[in-house]
Amino acid sequence: MPSILEDPSTRNPPPKAHTDAAPTLTARKTTLPKSSSAPMTLYPITGGPQTVPKDLIKFLHEEFSAEILRGGTYPMEQPMALDQFADYWFGTFTALAILDDEGEGLREGRNWESVCMGTFYIKPNYPGRCSHICNAGFLTTTAARGKGVGQAMGEAYLEFAPRLGYTYSVFNLVFANNPASIRIWEKLGFSVIGRVPKAARLANSEDLVDALIFGRELGN
């Protein structure tokens, strides 16, 4: 359910409410409806990439790079370097979706290909006086496809974002030929608040693809 939308070379500083609340968030436990009720924990990451196992960042970088090269969901044409990805994805607030049936959590050296189901970040969509409006980027890993991870991460996003002080969410570029993402956001109460005609040259379409702009109030 990718939804990654801003220029990776820029970053809008989070509002004070985000900075104050981020360290107080705790892990969110859930189960996957399409995977025999497998227990999954969403760990909030607030201290930057240095607080995440290096081998996990490397694994997610590989997954993210492969998704970019497939060319059907993200606007980037070339993958980021590892260090750039780490700072981009983990620089503000991130959640990691980890299978925790053995209770090992974020221990270095785990088989991340099997237990890491996905990740998402939360950042301001605009700077300054509009920074209470947030954006998010989502990545579901290869092993997690078809298990309901996308919706579980979306539900966690709707819990974490208002607790960080955000009042509205905007996804700027949800491509119109990505029905899986569209179904998730509509099911979670988002609606289309705009459309950018012929916004993207995607590898999975011979024609230019429209981008939908999804929005939703948070905390309701």
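Up top is the structure these notes are about.
Computed from a predicted model, the values in this text were never measured in an experiment.

1. Side note on the environment of Val52
- Considering the arrangement of structural elements, one finds Val52 in the loop between strand 2 (38-45) and helix 2 (54-70).
- Spatially, the C-alpha atom of Val52 lies 33 Å from that of Asn177, the residues being 125 residues apart in sequence.
- Residues within four places of Val52 in sequence aside, it is in contact with Ile45, Ile57, Phe90 and Leu96.

2. Details of the packing of helix 2 against helix 3 (residues 82-90)
- Remark: helix 2 packs on helix 3, axes separated minimally by 10 Å, with the N-to-C direction vectors making an angle of 95 degrees. Considered as vectors, helix 2 and helix 3 are oriented roughly perpendicular to each other. Along the contact surface, helix 2 presents Ile57, Lys58, Leu60, His61 and Phe64, while helix 3 presents Leu82, Phe85, Ala86, Trp89 and Phe90.
- Class assignment of the residues belonging to the contact of helix 2 with helix 3 gives a composition of eight nonpolar, one polar and one charged.

3. Here's the deal with the packing of aromatic side chains
- Following the criterion strictly, the structure yields 19 aromatic pairs and no others.
- Each ring, one from Phe85 and one from Phe90, has its centre 6.4 Å from the other, and the planes form 90 degrees; the classification is edge-to-face.
- Between Phe138 and Phe171 the ring centres are 6.2 Å apart and the planes differ by 85 degrees, which places this aromatic pair in the edge-to-face class. Of this pair, Phe138 sits in strand 5 (residues 133-140) while Phe171 sits in strand 6 (residues 168-175), and the two are 33 residues apart along the sequence.
- Take Phe138: its relative accessible area is 0%, and that puts it in the buried class.
- Residue Phe171 is classed as buried on the basis of its relative accessible area, which comes to 0%.
- These aromatic residues form a ring-pair network of at least three members: Phe93, Phe120, Phe138, Tyr157, Phe160, Phe171, Trp185 and Phe190.
- Above the plane of the ring of Tyr88 lies Lys123, whose end atom (NZ or CZ) is 3.9 Å from the centre.
- The ring of Tyr121 carries Lys123 above its face, with NZ or CZ at 4.5 Å from the centroid.

4. A few points about the nonpolar core
- Of all hydrophobic cores here, the largest spans 62 residues; its most connected members are Leu60, Phe64, Phe90, Phe120, Ile122, Tyr157 and Phe171.
- It is helix 5 (residues 149-163) that contributes the most residues to this core, eight residues altogether.
- Excluding its chain neighbours within four sequence positions, the residues that come into contact with Ile122 are His18, Thr92, Phe93, Cys134, Asn135, Tyr157, Phe160, Ala161, Leu164 and Tyr166.
- Within the second largest apolar cluster, five residues are counted, among which are Phe175, Leu202, Val209 and Ala211.

5. Some words on helix 5
- Relative to the 21 Å expected for 15 residues at 1.5 Å per residue, helix 5 spans 21 Å between its end C-alpha atoms, a close match to the ideal helical length.
- Val149, Gly150, Ala152, Met153, Gly154, Ala156, Tyr157, Leu158, Phe160 and Ala161 are the residues of helix 5 that are buried.
- Just past helix 5, the residue Gly165 takes up positive phi, approximately 100 degrees.

6. Looking at the environment of Ser169
- Looking at the secondary structure, you find Ser169 in strand 6.
- With relative accessibility at 0%, the residue Ser169 sits in the buried group.
- The contact partners of Ser169, leaving out residues within four places of it in the chain, are Cys134, Tyr157, Phe190, Phe214, Gly215, Arg216 and Leu218.
- At 2.6 Å, the side chain of Ser169 and the side chain of Tyr157 are in polar contact.

7. Brief notes about the pattern of salt bridges
- Under the criterion given, the structure shown has ten salt bridges.
- With a closest N to O distance of 3.3 Å, Arg110 and Asp100 form a salt bridge. Taken together, the residues span a long stretch of sequence, with Arg110 in the loop between strand 3 (94-99) and helix 4 (112-115) and Asp100 in the loop between strand 3 and helix 4 at a distance of ten residues.
- Given the relative accessible area of 7%, Arg110 is considered buried.
- Glu104 is paired through a salt bridge with Arg107; the nearest N and O atoms lie 2.5 Å apart.
- Overlapping salt bridges bring together Arg28, Glu159 and Arg163 as one network.

The rules behind the values
- Residues numbered from 1 in each chain as written.
- Predicted model: local features only at pLDDT ≥ 70, side-chain atom pairs only at ≥ 80, totals over all residues.
- Heavy atoms only, no water.
- Helix = DSSP H or I, 4+ residues; strand = E, 2+ residues; numbered from the N terminus.
- Contact = heavy atoms within 4.5 Å.
- Axes fitted to C-alpha atoms, helices over the stretch in contact; angles between N-to-C directions.
- Parallel < 35°, antiparallel > 145°, perpendicular 65-115°, else oblique.
- Nonpolar A, V, L, I, M, F, W, Y, C, P; charged D, E, K, R; others polar.
- Phe/Tyr/Trp six-rings, centres within 6.5 Å; stacked < 30°, edge-to-face > 60°.
- Buried < 20%, exposed > 50% of the residue type's maximum accessible area, 1.4 Å probe, protein only.
- Lys NZ or Arg CZ within 6 Å of the ring centre and 35° of its normal.
- Core = buried A, V, L, I, M, F, W, Y, C linked by side-chain atoms within 4.5 Å.
- Expected span 1.5 Å × (residues − 1).
- Polar contact = N/O pair within 3.5 Å; in protein donor to acceptor, adjacent residues only side chain to side chain.
- Salt bridge = Lys/Arg side-chain N within 4 Å of Asp/Glu carboxyl O.

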